[in-house]
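Residue-level structural notes
Below are the chains, spelled out letter by letter.
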Amino acid sequence: MIGYIVYWPQDRVKEIQKAGDAGPVKVVLGSIHSRMPSIASVKEGDVVFPVTLIKKQLFVMARLPVEHREPALDYCIRELGAEYGALIPEGVALEWDGGAKGHHYWGYRGKNYDRQEDIPEGTRIIPLSEQVPKPHLKHQEPFNCCSQWAAWGEHGSTIRPRPVPPELVPGLRFGHPKSKEKALLMDKNGGILAMSLQSTRRMNPETLEVFEALFRDE
């Protein structure tokens, strides 16, 4: 089992809390933008820990064992009933209601088709009949456009801030292989710099053990 951290900025955490979403965590999404970093390296069987900073101190928001990994568009349509700005994979087209301009179809890399017969043969079309909003938790919504992958499972933890003991933070290491492991970047007062969390980072085994210990009694 490989462990990863993904960063939830504070505005994201506050949105989740305002919505009353305490989990259990069902999914972690990654985009092509640094605000919601890529999770392309995450695989089935891994475990993902969303983290945040509160007054420059590290908090772990949840633990999600990854049971499935799929394009974010497929996840959003099936579980949320809408695409939420997810990237459309190659070989897929999304029906779109253009109002007075009629129905259009969006494809890979933003390709626009005015008629269904213009869509390349073999393309999977997601019709409007499948795009019906469904009840879901706030954290299931991508918080940035261009989400690419969804890593999800049925055995996630509750969502709440769990502080990492400050004395353990300097010893945390991320990266692979061992020769490339790095600590989190910190300021002169011992506060963690957000830039060191703004990518999906693989933990070394000792760091994974620190994170797992936060969930042992749950």
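Above this text you will find the structure in question.
Note on numbering: residues in each chain are counted from 1, in written sequence order. Thresholds applied to this predicted model are a pLDDT of at least 70 for local features of residues and 80 or more for the giving and counting of side-chain atom pairs; totals over whole chains, interfaces and linings are not thresholded and use all residues. Each side-chain value is derived from all of the structure's non-hydrogen atoms; neither hydrogens nor water enter the calculation.

**Re the overall build of the chain**
Secondary structure follows DSSP: runs of H or I at least 4 residues long count as helices, runs of E at least 2 residues long count as strands, and numbering of each begins at the N terminus. Along the backbone of the chain there are 3 helices and 13 strands. Type-normalised accessible area, obtained with a 1.4 Å probe on protein chains alone, sets the label of each residue: buried when under 20%, exposed when over 50%, and partly exposed for intermediate values. Within the chain, the proportion of its 218 residues that are buried is 44%. Residue pairs at least 24 apart in sequence account for 71% of intrachain contacts in the chain once pairs closer than 6 positions are excluded. As displayed, the chain has an accessible area near 11400 Å², and 54% of this comes from carbon and sulfur atoms. This count recognises Lys and Arg as positive and Asp and Glu as negative, with His and chain-terminal groups excluded. The atoms used to mark charge sites are NZ of Lys, CZ of Arg, CG of Asp and CD of Glu. Separation between the mean location of the 28 positive side-chain charges and that of the 28 negative ones in the chain comes to 8 Å. Note on contacts: a residue pair is in contact if any heavy atoms of the two residues lie within 4.5 Å. To be clear on the numbers: accessible area is Shrake-Rupley with a 1.4 Å probe, and residue cover counts the displayed protein chains and nothing else.

**Quick notes on empty space enclosed by the protein**
For each structure, a 1 Å grid was placed over the protein atoms alone; sets of points admitting a 1.4 Å probe that cannot get out are labelled cavities, open sets with protein on both sides within 12 Å along at least five of seven lines are labelled pockets, and lining residues have an atom within 4 Å of a point. Grid points are joined across faces, edges and corners, and a volume is the space filled by probe spheres set on the points. Under the defined criterion, the tally for this structure stands at 1 cavity of 30 Å³ or more. Computed from the structure, the largest cavity encloses a volume of approximately 80 Å³. Around the largest cavity, the lining residues are Val6, Tyr7, Trp8, Arg12, Val27, Val28, Leu29, Met36, Pro37, His139, Phe143 and Thr200. Those elements giving two or more residues to the lining of the largest cavity turn out to be β1 (3-7) and β2 (27-31). The dominant element in the lining of the largest cavity, judged by the number of residues it contributes, is β2, at 3 residues. Residue polarity is assigned by list, with Asp, Glu, Lys and Arg as charged and Ala, Val, Leu, Ile, Met, Phe, Trp, Tyr, Cys and Pro as nonpolar; anything else, Gly included, falls into the polar class. Looking at side-chain class alone, the lining of the largest cavity contains 9 nonpolar, 2 polar and 1 charged residues.

**Considerations on the packing of aromatic side chains**
Side-chain rings of Phe, Tyr and Trp, where Trp is taken by its six-membered ring, are said to pair if the distance between their centres is within 6.5 Å; with planes under 30 degrees apart they count as stacked, over 60 as edge-to-face, and otherwise as tilted. By the definition in use, this model includes 4 aromatic pairs. When the ring of Phe49 is compared with that of Phe215, the centres are 5.8 Å apart and the planes differ by 45°; the resulting orientation is tilted. Here Phe49, found in strand β3 (residues 47-54), pairs with Phe215, found in the segment after α3 (205-213); they are 166 residues apart in sequence, far enough to count as distant. Through successive ring pairs, a cluster of aromatic residues spans Phe49, Phe211 and Phe215. Only Lys NZ and Arg CZ are tested; either one counts as a charge over a ring when it is within 6 Å of the ring centre and within 35 degrees of the ring normal. Of note, Arg12 hangs over the ring of Trp8, and the distance from its end group to the ring centre comes to 5.9 Å. Across from the ring centre of Trp149, 3.9 Å away, lies the NZ or CZ of Arg69, which sits over that ring.

**Thoughts on helix α2 (residues 72-80)**
For α2, the tally of buried residues reaches 7 of 9 residues, placing the bulk of the element in the interior. Residues Ala72, Leu73, Asp74, Tyr75, Cys76, Ile77 and Leu80 constitute the buried set of α2. Residues of α2 that are buried sit in contact with β2, β6 (68-71), β7 (92-97), β10 (124-126) and β11 (147-152).

Read these as spatial facts, not as claims about activity.
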